[in-house]
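# Secondary and tertiary structure notes
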Amino acid sequence: EPEVTQTPSHQVTQMGQEVILRCVPISNHLYFYWYRQILGQKVEFLVSFYNNEISEKSEIFDDQFSVERPDGSNFTLKIRSTKLEDSAMYFCASSEDPSGSGGLNEQFFGPGTRLTVL
Amino acid sequence: EDQVTQSPEALRLQEGESSSLNCSYTVSGLRGLFWYRQDPGKGPEFLFTLYSAGEEKEKERLKATLTKKESFLHITAPKPEDSATYLCAVDYGQNFVFGPGTRLSVLP
């Protein structure tokens, strides 16, 4: 069964450093998403991406964050200058593109990358 | 302020003891409501999408229903493997908002 994969599973970084989290969505999916979940808190939407551009983003997704689809398979989240409060589990998700529904379809989540900022 | 809440926060059931989880939302312009299951240390696993009031979806021991202000996830005769955190999420166009989840424990 196809699945979303994420690397690394755990990333430890120093405050102020840049990190890139990588995701390989399911191959025929066209919508991609990033979420984060701070330990013990709820899952928070960061950004959605379709047709090589951001389609929606939340207030959390400020200039510190960027997303990219550098090739036909990877989808990345870059955090430019990490802060202590960026420590969280980051989930990537993907979904198909059902015509006329704007990506409103079941999202398949990856296993997550645990980011620890020291 | 648009909001998604879930109750109860935690629920302990005996195996076979049916119950319901609630998801209430105050967002305007609902495009869809989603239910997910999340096991510890893993990503959410999709269960259902509901689009309009009155809609119902079923999958094995789970049944999801939707009204104009809330959704219920009914669990019939649960088994220990149903133990997980159940999340609801709402898409209202500008954003995709998750509730805090209900942590379900099913005891053998």
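Here we summarise the structure given alongside this text. From a predicted model like this one, the values you see are computed outputs, not experimental measurements.

Side chains of a nonpolar character, in soluble globular proteins, are inclined to be buried together. Grouped together as the largest cluster of nonpolar side chains are 25 residues, with contacts concentrated most on B:Leu33, B:Trp35, B:Leu73 and B:Tyr86. Contributing elements (two or more residues each) for this core: strand S2 (10-14), strand S3 (19-25), strand S4 (32-38), strand S5 (45-50), strand S7 (62-66), strand S8 (70-75), strand S9 (84-91) and strand S11 (102-107) of chain B. For this core, the leading source of residues is S9(B), giving four residues. Core analysis: the next-biggest nonpolar cluster, separate from the first, contains 22 residues, A:Leu21, A:Phe49, A:Ile79 and A:Tyr90 among them.

The next point concerns the state of the cysteines. One covalent bond between the sulfur atoms of two cysteine residues makes up a disulfide. All names here are of chain A. Enumeration according to the criterion identifies two disulfides over all chains in this entry. At a sulfur-sulfur separation of 1.9 Å, the disulfide partner of Cys 23 is Cys 92. As the torsion about the S-S bond is roughly -60 degrees, the Cys 23-Cys 92 disulfide counts as left-handed. One end of the pair, Cys 23, is in strand S3 (residues 19-24); the other, Cys 92, is in strand S9 (residues 88-95), with 69 residues separating them in the sequence.

What follows is about the interface of chain B and chain A. Put simply, an interface is often sized by how much accessible area is lost when its parts join up. Facing the 21 residues of chain B at the interface are 18 residues of chain A. For the chain B and chain A pair, buried surface summed over both sides reaches about 1,500 Å², with 56% attributable to carbon and sulfur atoms. On the surface where chain B and chain A come into contact, there are zero salt bridges. Here chain B and chain A share one residue pair in polar contact (both at pLDDT 80 or more) between them.

We now examine the layout of surface pockets. Computed from the structure, the largest pocket encloses a volume of approximately 520 Å³. A:Gln37, A:Gly40, A:Gln41, B:Gln38 and B:Thr85 are, among the 24 residues lining the largest pocket, the residues nearest its centre. At the level of elements, S9 of chain A together with S9 and S11 of chain B are the ones that each hand at least two residues to the lining of the largest pocket. For the lining of the largest pocket, the per-class residue count stands at ten nonpolar, eight polar and six charged.

In this section: the sheet that holds S7(B). All names here are of chain B. In spatial order, the strands read S1-S3-S8-S7-S6; together these five strands make up an open sheet with antiparallel pairing. Each having just a single partner strand, strand S1 (4-7) and strand S6 (56-59) make up the two edges of the open sheet. Within this sheet the neighbouring strands show an average axis-to-axis angle of 15 degrees, counted without direction. Note that S7 and S8 share five bridges and pair antiparallel. Note that in S8 the partner of Leu 66 across the bridge is Ser 71.

With that out of the way, let us pick up unusual backbone geometry. The residue after A:Thr7, namely A:Pro8, is reached through a cis peptide bond having omega -10 degrees. With respect to the secondary-structure elements, A:Pro8 resides in the loop between strand S1 (5-7) and strand S2 (10-13). Of note, the amide linkage connecting B:Ser7 to B:Pro8 takes the cis form, showing an omega dihedral of -10 degrees. Phi is positive for B:Glu60, close to 55 degrees, though the residue is something other than glycine. Within the fold, B:Glu60 resides in the loop between S6 and S7. Assessed through its relative accessible area of 72%, B:Glu60 is described here as exposed. Although it is not a glycine, B:Ala77 sits at a positive phi angle of roughly 45 degrees. Its place among the elements puts B:Ala77 in the loop between S8 and S9.

The rules we used
Residues numbered from 1 in each chain as written. Chains lettered and ligands numbered in written order. Predicted model: local features only at pLDDT ≥ 70, side-chain atom pairs only at ≥ 80, totals over all residues. Heavy atoms only, no water. Core = buried A, V, L, I, M, F, W, Y, C linked by side-chain atoms within 4.5 Å. Buried < 20%, exposed > 50% of the residue type's maximum accessible area, 1.4 Å probe, protein only. Helix = DSSP H or I, 4+ residues; strand = E, 2+ residues; numbered from the N terminus. Disulfide = S-S within 2.5 Å. Contact = heavy atoms within 4.5 Å. Buried area = accessible area lost by both parts, 1.4 Å probe. Salt bridge = Lys/Arg side-chain N within 4 Å of Asp/Glu carboxyl O. Polar contact = N/O pair within 3.5 Å; in protein donor to acceptor, adjacent residues only side chain to side chain. 1 Å grid on protein atoms, 1.4 Å probe; cavity = no way out; pocket = protein on both sides within 12 Å on 5 of 7 lines; lining within 4 Å. Points joined across faces, edges and corners; volume = space filled by probe spheres on them. Nonpolar A, V, L, I, M, F, W, Y, C, P; charged D, E, K, R; others polar. Pairing = 2+ DSSP bridges. Axes fitted to C-alpha atoms, helices over the stretch in contact; angles between N-to-C directions.

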